[in-house]
Amino acid sequence: MSVALGRDTIVAIATPPGRGALAMVRLSGERAMEIAAPLLHPCPAEPRHATHSRMRARDGTELDDVVVVWYRAPHSFTGENALEVTCHGGAVSPSLVMAALVAEGARPALPGEFTRRAVLNGRIDIIQAEAVGDVIDAGTHAAQRVALAQLDGGLSRRIGTLRDHVLELEALAAYDIDFPEEDDGPVPRDRIAAATDRLTSAIEALIATSAIGEAVRAGAVVVICGAPNVGKSSLFNALLGRRRAIVTDIPGTTRDALEAVIDADGWPIRLVDTAGLRDSSDTVERLGIEISRDYVGAADVLLVCGDDDASLAAADRAAAELSLAPRLLLRTKCDLVDAARRTAVGTVRHVSAETGEGIGELLHDVAARLESSKGRLSFDAPVITRERHRVALSAARDEVRAFRDAFMADAVPPVVAAVHLREATRKLEELIGAVDVEDVLDRVFSSFCVGK
Ligand SMILES: Nc1nc2c(ncn2[C@@H]2O[C@H](COP(=O)(O)OP(=O)(O)OP(=O)(O)O)[C@@H](O)[C@H]2O)c(=O)[nH]1
Ligand SMILES: [Mg+2]
C-alpha cells in the first residue's frame, strides 16, 4: 500500500449514499483543523461544541450550510484531532464538502481506517473494533445488543482477566523454579495444579459461549425442507408475514434458496426456503436441489415439511441423512384435513399457511430448540462472537494444559514447562490486540465500510 497510514489526515463521508435529510463528513488527523479552517465561516472556537457555519471553497463558492463539531486529540473516536461536518444529504452536498477537504490536503480514507486509528491510538482494542462493525451490520436487536456490550468492553475485560490469571500462574511457577530446594516448597505443587485447572475451566467456559455468540451475531440458520409442492414457500411467507417467495401449484417452483431474517423469541433467525428435494432431470432444478442439500447440511434447526404422513416421513429420512441438526416435523396444509382425522403422531406439528394455524407456536418451538442446543439467550455475561475468538482461546487453553502436563510429570525442566504459559499469554494478548496488531488489523478491517 502506497498511502502513509497513520500520518495523513483522512476524510470520508460517514453516512450511506442516497437521498436523506443529513449526511456527515468525517475528518481525522493531526492537520484536521488546519485543513478545514479556511473553508468554515465561522470556524469552531471550542472543541466539542456544535458550530453552525457556512462552508465556502477558497474561491468563495458556497458549498453548504453545515454544523461542525471539532474534537481535540486525544479526546476523539480516533484519538486524533478530528472534525465532524454535518451537511445536507443527497448526491451533491456531501461530495462537495468532501472534495473541498481533499483539495485542502486531506486524503480519502480507506475502509475501516477511522476505527483502525482508534485501535492504533489505544482508544479501543481489536475486540471492540470488531464490535463497531457488528453494531453496524446487526440485523436484529439481539445481535446489536451483543455487539454493544462487546463495544463497551465486557468481553475485552473478561479476556484481560484470563490473561491476569495466566500471569499469576506463571509467577507461582517461577517461584517454584527459583526455590526448587525447598522440599515442600513455598508453593505446593497441588496448588499450582489446582490453579491450572481453574484457569482451564474459565477459558473453557468462555469458549462454550461461542455457539450462542456466533448464532446471535450471524443469525441461526433455520432451513425449510421437504418434497416439492408441500407448501414450503407458503410457510416461508407466512413466517415472514409477507409474500416474498413465489408460490404455485406446480411442483418445482422454487429453484434457488431464499433467505430472510426474522426474530424468534429474541433469537435472530436466517430463515431459508429451499427447492423441494426430489430426483429431477431439469438442470436448473437439479442445481437448486444441490443448494438445498448444502443448506440442510449447514442448518442449526430444520423445519421438515410434508403434506401427508408418507411425504413427511420421507422428508425426515432425507434430512436426517444430511444433517445432525434438530428437526421439527411439520404436517403442512392442515386446513385441508379435519382436526378429528389428523393422524400424525408424537412431535409432529400441524401448520397451515392458509389459516395461520400453528405458525406463531412454530417460532417458539424453534427458539426452544436453539436454547437447548446452544444455551440460554442472555445479555448479561460476555459471549465470544467469532471464529477468531474461538481459535485463540482454544490455543490458549491447550497451552495451559500442556504446561500442566509437563510441569506435573516432571517431563521437562520447569523453566521449559513455563514457556507454555508465556505462549498462552501471547494468544490472549493477540486476541485483544496487544501484540502483532497490524497483522490482526488487516484481517479485522477487511470487511469494514468507508467512514467507520
Ligand atoms: N390449502 C392449503 N394450500 C396450501 C398451503 N400451503 C401451500 N398450499 C398450496 O400448495 C401449493 C404449493 O405451495 P408452495 O408453497 O409453492 O410449495 P413448495 O413446497 O414451496 O413447492 P416447491 O417450491 O415447488 O418445492 C400451492 O398451490 C399453495 O397454494 C396451506 O397451508 N393450505
Ligand atoms: Mg417453493
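Residues numbered from 1 in each chain as written. Chains lettered and ligands numbered in written order. Predicted model: local features only at pLDDT ≥ 70, side-chain atom pairs only at ≥ 80, totals over all residues. Heavy atoms only, no water.

1. Notes on the site of ligand 1
Stated precisely, the cut-off is as follows: Only a single heavy atom is needed: when it lies within 4 Å of a molecule or strand, its residue is near that molecule or strand. Under the rule applied, a polar contact is a pair of N or O atoms within 3.5 Å (in protein, one hydrogen donor and one hydrogen acceptor; residues adjacent in sequence only if both atoms are side-chain atoms). Each accessible area is a Shrake-Rupley estimate made with a 1.4 Å probe; only the visible protein chains count as cover when residues are assessed. Residues are said to line a cavity or pocket when one of their atoms sits within 4 Å of a point; the points come from a 1 Å grid over protein atoms alone, cavities being sets where a 1.4 Å probe fits but cannot get out and pockets being open sets with protein on both sides within 12 Å along at least five of seven lines. What decides whether a molecule sits in a cavity or pocket is whether more than half of its atoms lie within 2 Å of the grid points. Residue polarity follows a fixed list, in which Ala, Val, Leu, Ile, Met, Phe, Trp, Tyr, Cys and Pro are nonpolar, Asp, Glu, Lys and Arg are charged, and the others, Gly among them, are polar.
Close contacts around ligand 1 come from 22 residues, with Lys 232, Ser 234, Gly 252, Thr 253 and Asp 335 the closest. A distance of 2.7 Å separates an oxygen atom of ligand 1 from a polar atom in the side chain of Lys 232. Contact between ligand 1 and Lys 333: an oxygen atom at 3.0 Å from a side-chain N or O atom of the residue. Coverage of ligand 1 by the protein amounts to 88% of the 650 Å² it exposes when considered alone. Here ligand 1 occupies the largest pocket. Tallied by class, the residues present in the shell around ligand 1 amount to seven nonpolar, ten polar and five charged.

2. Here we look at the sheet that holds strand E13 (residues 349–350)
Stated precisely, the cut-off is as follows: The pairing criterion for strands is at least two bridges between them, as found by DSSP. For the purposes of this entry, the term helix denotes a DSSP run of H or I that reaches at least four residues, the term strand denotes a run of E that reaches at least two, and both are numbered from the N terminus. We call two residues in contact whenever any of their non-hydrogen atoms come within 4.5 Å of each other. Lines are fitted to the C-alpha atoms to define the axes, a helix being fitted only along its stretch in contact, and any angle between axes, read from their N-to-C directions, falls within 0 to 180 degrees.
Taken together, six strands build an open sheet; the order of strands is E9-E10-E8-E11-E12-E13 and the sheet is mixed. Each edge of the open sheet carries a strand with a single partner, namely strand E9 (258–264) and E13. Examined bridge by bridge, strand E11 (residues 301–306) and strand E12 (residues 327–331) share five bridges and lie parallel to one another. Directly across from Val 304, in E12, lies its bridge partner Leu 329. Along the sheet face, helix H8 (residues 210–218) touches strand E8 (220–226) and strand E10 (267–273) and points at about 65° away from the line of E10. Along the sheet, helix H11 (residues 309–322) makes contact with E8, E11 and E12, crossing E11 at roughly 150°.

3. Some points on helix H14 (residues 414–432)
The periodicity of an α-helix, 3.6 residues per turn, causes residues three or four places apart in sequence to face the same way. Note the threshold: Residue count minus one, scaled by 1.5 Å, sets the expected span of a helix.
Counted at 1.5 Å a residue, the expected span for H14 with its 19 residues is 27 Å, and the 28 Å between its end C-alpha atoms agrees. One or two steps after H14, the chain reaches Gly 433, where phi turns positive at roughly 100°.

4. Here we look at the coordination of the magnesium ion (ligand 2)
What counts here: Here the term donor refers to an N, O or S atom within 2.8 Å of the metal (or 3.2 Å for Na, K and Ca), and because water is left out of the atoms, sites may appear incomplete. Categorising residues by exposure relies on relative accessible area from a 1.4 Å probe, with only protein chains included: less than 20% of the type maximum marks a residue as buried, more than 50% marks it as exposed, and the intermediate range marks it as partly exposed.
Distances from the magnesium ion (ligand 2) to its protein donors, Ser 233 (OG) and Thr 254 (OG1), fall within 2.0 Å. Taken together, the positions of Ser 233 in helix H9 (residues 232–240) and Thr 254 in the loop between H9 and E9 put the pair 21 residues apart, joining distant regions of the chain. With relative accessibility at 13%, the residue Thr 254 sits in the buried group.

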